[in-house]
Amino acid sequence: MKKLWFTLLALVVTTAIFAEEGYKPGSTATDFKLKNVDGKTISLSDYQAAKGFIVTFTCNHCPYAVAYEDRIIALDKKYADKGYPVIAINPNSVAKVPEDSYANMQDRAKSKSFPFPYLYDETQEIAKIYGAMKTPHVYVLKKEGKKLSVKYIGAIDDNYEDVSAVKEKYVEEAVDALLANKPVKTTSTKAIGCSIKWK
Amino acid sequence: MCLFCSMKIPLRHYLSLFPLLFIVFNFAIAQTPVYNLDQFQERIQKKNDTLYVVNLWATWCKPCVEELPYFQSASASFSQQPVKIILASQDMKTKTVQVADFLKKNNYSSETFILSAGNPNVWINKIEPKWSGTIPVTLLYKNGKKIYFHEGDYPDAETLKKIIQSKLK
């Protein structure tokens, strides 16, 4: 009996540790309800026809996020019609970074004509559950029945400075593989980025 | 009075001076050097008793910029000891002038270069597998070996100095 309790305790502890670390490739992702720049609330479940999502934690102020803005727009233009729309989320605390306020998000979405929703994770809960640490930080999700399965976590590609020097387009490779019903080769990558500014 | 005019030197000879002036002008502007990963590792992994305190930062990174005074302060505190503080910037490699200007404006005297190391998905793990890729990051090297890694900023200069002190022994 004692052994059983110990096993159970160990299980609870490890689950707690894993929960804190956020998603890994293979995790089941949660849906959310977040406010878009147009004032409407958006959930992943609103996208009945989608096969999956390119959930991208990003923001206004970070030079890395800015460097990737056009590439995020290009991802949506390439994949939204194929069933993988971009869902952008700003998780930064406005108290820490005034540039990342909701009003500034609205301005940026307008000036860059974002074709995708740009959501405000005001409580930072979604960024925490997903385990996002920086901007930009991408999660490619695939609908599997009612489940949202995490297929890729990490960078958009291997060169933020120079788009013409990109060799590995990680997100595109992942989505292309999913569209072809093939396993994703590179399921997670690391990148330098601005850390998410927590409250 | 035009001194040179009287010498009747054709205009095109003056024009030929422009490239020379351009070179001189470029030297006059301070620029931060750019290191690749090999140059970086060669710089910090020396087989000597110097403790290399390497801080990865960027001018655009708020928490990084906020803790730079701690490194400046540590540099002064350990000036009589074998401690070398190195600020490895993660600014774009085209920002050599901006980084140099930033250092000058703030009177930071530590050795600084821009680390342009290629694909982050490769080099981040080479530096430290536990590192997620956010900055600031502080690493300590001694005798060619990494002996300390910290992801995130420090609360104050004293915390940083205590860590350096503990690794000096």
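Engineer: So what exactly am I meant to see when it comes to the overall build of chain A here?
Structural biologist: A tally of regular secondary structure across chain A gives five helices and nine strands. Tracing chain A from N to C terminus, the helices and strands come up as α-β-β-β-α-β-α-β-α-β-β-β-α-β. Counting across all 199 residues of chain A, residues that qualify as buried make up 39%. Sequence separation of at least 24 residues holds for 72% of the intrachain contacts in chain A that already meet a minimum separation of 6.

Engineer: Would you mind showing me how to read helix 6 (residues 120–127) of chain B here?
Structural biologist: Because an α-helix completes one turn every 3.6 residues, residues spaced three or four positions apart along the sequence face the same direction. All of the buried residues in helix 6 of chain B are B:P120, B:I124 and B:I127. Seen from one end, helix 6 of chain B has its buried residues packed into an arc of 65°, which puts them on one side.

Engineer: How do you make sense of the interface of chain A and chain B when you look at a structure like this?
Structural biologist: Often the size quoted for an interface is simply the accessible area lost on bringing the parts together. Contacts between chain A and chain B engage 13 residues on the former and 14 residues on the latter. Its residues assigned to classes, the side of chain A that touches chain B shows six nonpolar, three polar and four charged.

Engineer: Is there a simple way to explain the packing of helix 4 (residues 62–77) of chain B against helix 7 (residues 157–168) of chain B in this structure?
Structural biologist: When two helices pack together, you describe them by how their axes are tilted relative to each other and by the distance separating the axes. Residues and elements named next belong to chain B. Relative to each other, helix 4 and helix 7 sit at 45°, their axes nearing to 9 Å. In terms of axis orientation, helix 4 runs oblique to helix 7. Along this stretch, helix 4 crosses helix 7, giving a crossing that reads as right-handed. Contacts between helix 4 and helix 7 involve Y70, S73, A74 and S77 from the first element and A157, L160, K161 and I164 from the second.

Engineer: I would appreciate a short explanation of helix 2 (residues 63–79) of chain A in the present structure.
Structural biologist: Residues and elements named next belong to chain A. The terminal C-alpha atoms of helix 2 lie 24 Å apart, and with 17 residues this matches the ideal 24 Å at 1.5 Å per residue to within 8%. At E69, helix 2 is bent by approximately 45°, the largest bend along its length. Listing the buried residues of helix 2 in full gives Y64, A65, Y68, I72, L75, D76 and Y79. Check the buried side of helix 2 and you find it contacts strand 3 (52–57), strand 4 (86–90), strand 6 (134–135), helix 5 (170–179) and strand 9 (194–195).

Engineer: Teacher, can you tell me more about the environment of A:S27 here?
Structural biologist: Secondary-structure assignment places A:S27 in the loop between helix 1 (2–21) and strand 1 (34–36). Taking the C-alpha atoms as reference points, A:S27 and A:S149, separated by 122 residues in sequence, lie 5.9 Å from one another.

Engineer: Is there a simple way to think about the sheet that holds strand 5 (residues 137–142) of chain B in this case?
Structural biologist: Sheet strands associate in pairs through backbone hydrogen bonding, adopting either a parallel or an antiparallel arrangement. All names here are of chain B. Strands sit in the order 1-4-3-2-5-6 across an open sheet of six strands; the sheet is mixed. Strands at the two margins of the open sheet, each flanked by one partner only, are strand 1 (34–35) and strand 6 (145–151). Pairing analysis gives six bridges linking strand 5 to strand 6, with the strands arranged antiparallel. When the sheet's bridge partners are listed, L140 is paired in strand 6 with Y148.

Engineer: So what exactly am I meant to see when it comes to the sheet that holds strand 5 (residues 118–120) of chain A here?
Structural biologist: All names here are of chain A. Ordered in space as 2-1-5-4-3-7-8, the seven strands form an open sheet in which the pairing is mixed. Each edge of the sheet is formed by a strand with only one pairing partner; in this case those strands are strand 2 (41–42) and strand 8 (147–154). Bridge analysis of strand 3 against strand 4 gives four bridges, and the strand direction is parallel. The residue bridging V55 from the neighbouring strand is I87, located in strand 4.

Engineer: Would you explain the nonpolar core in this entry?
Structural biologist: Across soluble globular proteins, you tend to see nonpolar side chains buried next to one another. Counting 80 residues, the largest nonpolar core has A:I54, A:I87, A:Y139, A:V140, A:V171 and B:V54 as its most contacted members. Setting aside residues up to four positions removed in sequence, A:Y139 forms contacts with A:Y23, A:A29, A:V55, A:Y130, A:V150 and A:I153.

Engineer: So what exactly am I meant to see when it comes to the confidence of the model for chain B here?
Structural biologist: Caution applies to low-pLDDT parts of the model: their predicted coordinates are not meant to be read in detail. Looking at chain B as a whole, its pLDDT mean stands at 89, while 83% of the residues score no less than 70. Taken element by element, the predicted model of chain B shows its lowest mean pLDDT in helix 2 (residues 18–28) of chain B (60) and its highest in strand 2 (residues 51–57) of chain B (98).

Engineer: Can you walk me through the confidence of the model for chain A in this structure?
Structural biologist: Summary statistics for chain A give a mean pLDDT of 92 and a share of 90% for residues scoring 70 or more. For the stretch residues 13–19 of chain A, pLDDT sits under 50, and the model shows zero contacts to residues farther than four places along the chain or on other chains.

Engineer: Looking at this model, I keep getting lost on the pairing of strand 4 (residues 111–115) of chain B. Mind explaining?
Structural biologist: Sheet faces and side chains relate simply in a regular strand, where the side chains alternate between the two faces. Residue and element names in this part refer to chain B. Pairing analysis gives two bridges linking strand 1 to strand 4, with the strands arranged parallel. Looking across to strand 4, one finds that Y35 is bridged to L115. Across four bridges, the pairing between strand 3 (residues 83–89) and strand 4 is parallel. When the sheet's bridge partners are listed, L87 is paired in strand 4 with T112. Traced from strand 3 through helix 5 (residues 96–105) to strand 4, the parallel crossover comes out right-handed.

Engineer: Explain the environment of B:V54 to me, please; I cannot follow it from the model alone.
Structural biologist: All names here are of chain B. Position of V54 relative to the elements: it lies in strand 2. What makes V54 buried here is the crowd of 23 C-beta atoms within 10 Å. As for V54 and L139, which are separated by 85 residues in sequence, their C-alpha atoms are 5.1 Å apart. The residues contacting V54, other than those within four sequence positions of it, are I44, I86, A88, T138, L139 and Y141.

Cut-offs used in this document
As a convention, each chain's residues are numbered from 1 in the sequence order in which they are written. Written order decides the labels, with chains lettered from A and ligands numbered from 1. Totals for whole chains, interfaces and linings use all residues, but because this is a predicted model, local features are given only for residues with pLDDT of at least 70 and pairs of side-chain atoms are given and counted only at 80 or more. For helices the rule is a DSSP run of H or I covering at least 4 residues; for strands it is a run of E covering at least 2, with both sets numbered from the N terminus onward. Whether a residue is buried, exposed or partly exposed follows from its count of other C-beta atoms within 10 Å of its own C-beta, namely 20 or more, 12 or fewer, or something in between, respectively; the C-beta atoms are built from the backbone. Each residue gets a C-beta atom placed from its backbone, and two residues are in contact if those atoms lie within 7 Å. Arc, as used here, means the arc of the directions from the helix axis to the C-beta atoms. All residues other than Ala, Val, Leu, Ile, Met, Phe, Trp, Tyr, Cys, Pro, Asp, Glu, Lys and Arg, Gly among them, are scored as polar; the first ten of these are nonpolar and the last four charged. Lines fitted to the C-alpha atoms define the axes, with helices restricted to the stretch that makes contact. Angles between their N-to-C directions range from 0 to 180 degrees. Should an angle fall under 35 degrees it is called roughly parallel, over 145 degrees roughly antiparallel, and 65 to 115 degrees roughly perpendicular, with every other angle called oblique. It is the rotation of the near helix from the far one that decides the hand of a crossing: anticlockwise by less than a right angle makes it left-handed, clockwise makes it right-handed. In this analysis, the expected span of each helix is defined as 1.5 Å times one less than the number of residues it contains. Across the chain, bend at a residue is computed as the angle between axes fitted to the seven residues ending at that point and the seven starting from it. In short, DSSP must find at least two bridges between two strands for them to pair. We define a nonpolar core as a collection of buried residues of the types Ala, Val, Leu, Ile, Met, Phe, Trp, Tyr and Cys that are connected via C-beta atoms lying within 7 Å of each other. Across the chain, each position has a pLDDT score giving the predictor's confidence in that residue, from 0 to 100. Here the term right-handed applies to a crossover when the path leading from its first strand over the helix to its second strand runs clockwise, the strands being oriented away from the viewer.

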